[in-house]
Amino acid sequence: MTDLSFSHSERVMNSCAIRDDNHSLTYAQLCDKTAQLVAVLNNAISASQAVAICLPRSMALAASVNACFGARIPYIPIDPDLPAKRVDYMLAQSQPAAILTTRQIAENLDYDANFIYLDSWLTDDSPLLITRVAKGTCGANYSTDTAYIIYTSGSTGKPKGVEMTHSAIANLLQVQQELEPEIGKSYRTIQFTSISFDVAVQEILTCFYSGAELVITTKEDVRDPKALLRKLCQQSIERIFMPSPVLQALAEEAKLCPELRPVTLQVVIVAGEKLLITPEIRALFAGLQTRLVNQYGPSETHVVTQYSCLSPLSDEQDVPAIGEAINCVGIYIVNEQGQVVPYGEEGEIWVTGVAVAKGYLHDAAKTAEVFVPNKFDNLSEKLYKTGDLAIKNAQGVIHYRGRRQGLVKLNGYRIELAEIEAVTATLAQVKYAQCFVLSSTTDESKKQLALFVQVEDETLSSEEVRSELSAHLPSYMIPTQILVSTTLPLNINQKVDREKIKSLFSTSSAATSKLPTGINEQLLHLFREMLGQPNFMMADDFFHAGGSSVLAMLLVRNLRKRLNIAIDVNDFYRLKTPEALMAFLSGK
């Protein structure tokens, strides 16, 4: 993993390594810039200390990740769009000795460390700016094999820092390069994933490891399926990593816009949620020479299984397998007693081998719960208990079945419901909180988080609860529906009646009691249906009411299909309310 970008041929070194809409760098230029940053870091931090990378989508972000890996400097990826309190906690717990960021973002970071400003690092020859020249006295020490610390949902009300190793990432890249060459080829790749998720590491390093070209895209392109399709076509993208709900949205958009057919795509790698091969996805791949690969792996292991879907995709089953274990990894399906179950029986996925992370940062108790001694093989000292359920057939192929109770995945995000409940419980007036998933359909993208809150009196509203949660939790963890009550439903045994609580909420099917008539009513009906909130009004903000990026894509699609209203997702982000949307349409 050392000096990834320096090991290529002269031809590759003179080819494009990374570009955005305005700038590009060859591999030779990227190497020079990497060496410059590493030299500054060596003066700013001590050996074994870590840095935080807090940057927006940019060439600088991807190049920083590459620099840290090449120099074996542990890093903490931080999305600057996360709530400030969550960022503060991540920095305080991981204690980086320096932060790679921009001047504007640094103004909002409450942390004492060396700030290295990368505003113009890759676009001009000016020296890198740093707040202090002397090495910082703050900063925790990490193992020489620690690659990054990435934060995921935690049951205590605080996110957990997963300490991942260089060995795990090196093994994944080697598997893709040598055993799965179609995935590891030097394909032009779009950088789609947020830095907060480990797939971003895979996107970036798969490119640089193979001498491929990495194309940086914008936040606006990522959240709008039509804009993303256009980018794939315009930039002749050959490889993309994405969660399965986004693939579905892309396939639906491609059906509506046949002129935006991504004919250059060679491989699509999906992960993060159960893959469902819908008619729209089959239609997208029909006639294309594109492989669809389904990968599986939680943050505590990164990718550990892989399955290449049948080609043509019309021959594939509706719910493909997650495949078999990659090289140097063991997968065991076990029962509640920790014993391997027979083929075809459901059990929990336990992972052994080089992919297993070190554990959770500064949380020995939680680490001991799920990182336990490995009694199955000699691939690693410890194994990881994933909490995911699966079956394995006689051929060794694994089929994902879902999560254990209390652990969910929505739209590609892993969420511990207990974290939402724990944060809610800290709010003034709150006596009890229960979070669960609402669904009136088997469509994964239409499932919603719902939160019941018992309060001491009626002074705390659902809007106030939502606002407080937004200060601590990322947007994908904010419940769509929040119900505040002074009473707590109990069953005949005087225990909390969870099913009764669940019945108090509206699902999308319950919100459609009568067919609306006028355009305003029809528009409002679609908003209410998508949010599962029959009391949503014309002046209400879709995102403040719990709307997510995936729900926004679905609503824009429904507006087009059912009301013949064509609007870009990015316009919807700007308008936010049915009232503003109607005014916008009237102006057009």
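Residues numbered from 1 in each chain as written. Predicted model: local features only at pLDDT ≥ 70, side-chain atom pairs only at ≥ 80, totals over all residues. Heavy atoms only, no water.

## So, the overall build of the chain
The condition that has to hold: Secondary structure elements are taken from DSSP: a helix is a run of H or I of four residues or more, a strand is a run of E of two residues or more, and numbering for both begins at the N terminus. As a reference, a globule follows 2.2 Å times the number of residues to the power 0.38, and the radius of gyration itself is taken over C-alpha atoms. Burial here depends on accessible area, computed with a 1.4 Å probe over protein chains only, as a share of the maximum for the residue type. Under 20% is buried, over 50% is exposed, and the range in between is partly exposed. Two residues form a contact once any of their heavy atoms are found within 4.5 Å.
Check the secondary structure of the chain and you find 20 helices and 27 strands. For a compact globule of 588 residues, the expected C-alpha radius of gyration is about 25 Å, and the chain comes in at 24 Å, within 12% of that figure. When burial is assessed residue by residue, the chain has 57% of its 588 residues classed as buried. Relative to all contacts within the chain whose residues are 6 or more apart in sequence, the contacts with residues 24 or more apart total 65%.

## Section: the packing of aromatic side chains
Cut-off, in case you're wondering: Between 30 and 60 degrees the pair is tilted, below 30 it is stacked and above 60 it is edge-to-face, where a pair is any two Phe, Tyr or Trp rings, Trp via its six-membered ring, whose centres lie within 6.5 Å. Working rule: Lys NZ or Arg CZ, within 6 Å of ring centre, within 35 degrees of ring normal, means a charge sits over the ring.
According to the stated counting rule, one finds 17 aromatic pairs in the structure shown. Pairing Phe 542 with Phe 572 gives two aromatic rings, centres 5.1 Å apart and planes at 75°, and the pair type is edge-to-face. One end of the pair, Phe 542, is in the loop between helix H17 (519-531) and helix H18 (549-563); the other, Phe 572, is in helix H19 (residues 569-575), with 30 residues separating them in the sequence. Phe 572 gets classed as buried once you look at its relative accessible area, which sits at 1%. Linked through ring pairs, Phe 527, Phe 536, Phe 542, Phe 543, Phe 572 and Tyr 573 together constitute an aromatic cluster. Over the ring of Tyr 573 we find Arg 223; its NZ or CZ atom is 3.8 Å from the centre of that ring.

## Notes on the pairing of strand E5 (residues 98-101)
Stated formally: Strands were regarded as paired on the criterion that DSSP finds at least two bridges between them.
By the alternation rule, side chains of E5 split into Ala 98 and Leu 100 and Ile 99 and Thr 101, which are all buried. Where strand E3 (residues 51-53) and E5 come together, 3 bridges link them in parallel fashion. Looking across to E5, one finds that Ile 53 is bridged to Leu 100. Strand direction decides the pairing type here: E5 and strand E6 (residues 114-117), joined by 4 bridges, are parallel. Across the sheet, residue Thr 101 finds its bridge partner in E6, namely Tyr 117.

## Remarks on the side chain of Thr 206
As a reminder of what qualifies: Whenever a nitrogen or oxygen atom comes within 3.5 Å of another N or O atom, the pair is scored as a polar contact, on the condition that within protein one atom can donate a hydrogen and the other can accept it, and that pairs from neighbouring residues in sequence are kept only if both atoms are in side chains.
By the element assignment, Thr 206 lies in helix H8 (residues 199-210). A distance of 2.6 Å separates a polar side-chain atom of Thr 206 from the backbone oxygen of Gln 202. Residue contacts for Thr 206: discarding those within four places in its chain leaves Leu 173, Gln 176, Ile 183, Gly 184, Val 201, Arg 239 and Phe 241.

## Remarks on the confidence of the model for the chain
What counts here: Known as pLDDT, the predictor's per-residue confidence is scaled from 0 to 100.
Residues with a pLDDT of 70 or more make up 92% of the chain, whose mean pLDDT is 87. Note on residues 1-6: pLDDT under 50 across the span, and 21 contacts to partners over four residues away in sequence or across chains. Every residue in residues 508-515 scores below 50 in pLDDT, and together they form 8 contacts with partners more than four places removed in sequence or on other chains.

## Some thoughts on the state of the cysteines
To keep it simple, the criterion reads: Note on terminology: disulfide denotes any pair of cysteine sulfur atoms within 2.5 Å.
For the coordinates displayed, the defined rule picks out 0 disulfides. In this structure Cys 31 is not part of a disulfide, and its nearest cysteine sulfur, from Cys 16, lies 13 Å away.

## Observations concerning the sheet that holds strand E25 (residues 430-438)
For the record, the criterion: Where helices are involved, their axes are fitted lines through C-alpha atoms of the stretch in contact, as for all axes, and angles between N-to-C directions lie from 0 to 180°.
If you trace the 3 strands from one edge of the open sheet to the other, you get E25-E26-E27, paired in mixed fashion. Every other strand in the sheet has two partners, leaving E25 and strand E27 (481-485) as the edge strands with one partner each. In this sheet, adjacent strand axes meet at a mean angle of 15° when their direction is disregarded. Of the strand pairs in this sheet, E25 and strand E26 (residues 448-455) are connected by 8 bridges, and their pairing is antiparallel.

## Structural notes on the environment of Ser 143
Positionally, Ser 143 belongs in the loop between strand E7 (129-130) and strand E8 (146-152). Setting aside chain neighbours within four positions, we find Ser 143 in contact with Pro 74, Glu 163 and Lys 358.

## Here we look at the environment of Met 90
Tracing the sequence through the fold places Met 90 in helix H4 (residues 84-94). When the C-alpha positions of Met 90 and Phe 376 are compared, they lie 34 Å apart, and in sequence the two are 286 residues distant. Filtering out sequence-adjacent residues up to four positions away, Met 90 remains in contact with Pro 77, Ile 78, Leu 82, Tyr 151 and Pro 159.

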